[in-house]
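Close look at the chain arrangement
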Amino acid sequence: PSDSIFNLKKQTWTTAKEIPLIENYGNLQPKFILLGFLASGAMLLPGISGSFLLLVLGAYSTVLFSLSTFFSHALAWSFHSSSFYLLLNLIIGIVLGLIFLSQLIKALLNSFREKTLSALIGMMCGGLYLLWPFWSTAKQISYAHQSYFLELVRLSPQLPELNINNLIVTVFAS
C-alpha cells in the first residue's frame, strides 16, 4: 500500500498513521515557538522561505504531519490536542517573529543600510549551496520514530547536463 512503510526491526509493514511523529509535549512547546520565530524571520528575508528553513532544521515533516493530523481530525469533528498545541505554538512563534524581526530589520536598514544589504546579499549567496538542486545521491537506511526507512542522502553538488529539456525547463521556470 502507498501509505505503508516497511519496518526492518519488526519485519512487518507499518502504516504511516502508526508512526508517532508528534510527541506529547503538553501545552507549551518552546522548541516550536522558536522554530516559528526563525521561520518568520526567513519569510521576511528575500530568497529563502520559512518552510525551507523548517526543512533544513528537520522540523518540516513534523509540522506537515501535525497539519495533516489536525485537519483530518477536524474534518471528522474530533480534536487532536498534540497537533493543535504544536501548531498553536508554531503560530505564536511566527507572530512574535513577524512583530520583532520586522522591526529589527527596519531599524538595521535605517541605521546601517549598506552593511545590512551586504549581509543580506551574503546570506543569499551563502545559501545557494543548500538550494542547489543538482546533487549526486546515495540511498541509505535510517532509523527514526522507532522505524527504519530508506532515504536519499546528498553527496556532492554537480553541474546539470546541458540538453534541450533542461534548457526548456529553465526558460519556462523563470
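Source: prediction; values computed, not measured.

This part is about helix α1 (residues 30–44). Between its terminal C-alpha atoms α1 stretches 21 Å, which fits the 21 Å expected from 15 residues at 1.5 Å a residue. Along α1, the residues classified as buried are F32, L35, G36, A39, S40, G41 and A42. Packing partners of the buried residues in α1 comprise α2 (50–56), α3 (60–75) and α4 (81–111).

Let us now look at the environment of S83. Mapped onto the elements, S83 comes out in helix α4. Residue classification places S83 among the buried residues on the basis of a relative accessible area of 0%. With 18 residues separating them in the primary sequence, S83 and F65 have C-alpha atoms 8.4 Å apart.

This next bit is on the packing of aromatic side chains. Using the criterion set out here, one finds 3 aromatic pairs in the structure. The interplanar angle of 70° and the centroid separation of 5.2 Å between the aromatic rings of F84 and Y85 together place this pair among those described as edge-to-face. A relative accessible area of 24% places Y85 in the partly exposed class. Taken together, the ring pairs in this structure connect F70, F71, F84 and Y85 into an aromatic cluster.

Analysis parameters
- Counting of residues starts from 1 at the beginning of each chain's written sequence and follows it residue by residue.
- Where local features are concerned, this predicted model is filtered to residues with pLDDT of at least 70; where side-chain atom pairs are given and counted, the filter is 80 or more; whole-chain, interface and lining totals use all residues.
- Neither water nor hydrogens contribute to the side-chain values; these are computed over all heavy atoms in the structure.
- Under the scheme used here, helices are H or I runs from DSSP no shorter than 4 residues and strands are E runs no shorter than 2 residues, and both carry numbers assigned from the N terminus.
- Multiplying one less than the number of residues by 1.5 Å gives the expected span of a helix.
- Any residue under 20% of the maximum accessible area for its type is buried, any over 50% is exposed, and the rest in between are partly exposed; the area is computed with a 1.4 Å probe on protein chains only.
- The criterion used for residue contact is that any of the two residues' heavy atoms lie within 4.5 Å.
- Two rings belonging to Phe, Tyr or Trp (six-membered ring only in the last case) form a pair when the distance between their centres is within 6.5 Å. Interplanar angles under 30 degrees mark stacking, angles over 60 mark edge-to-face geometry, and anything in between is tilted.

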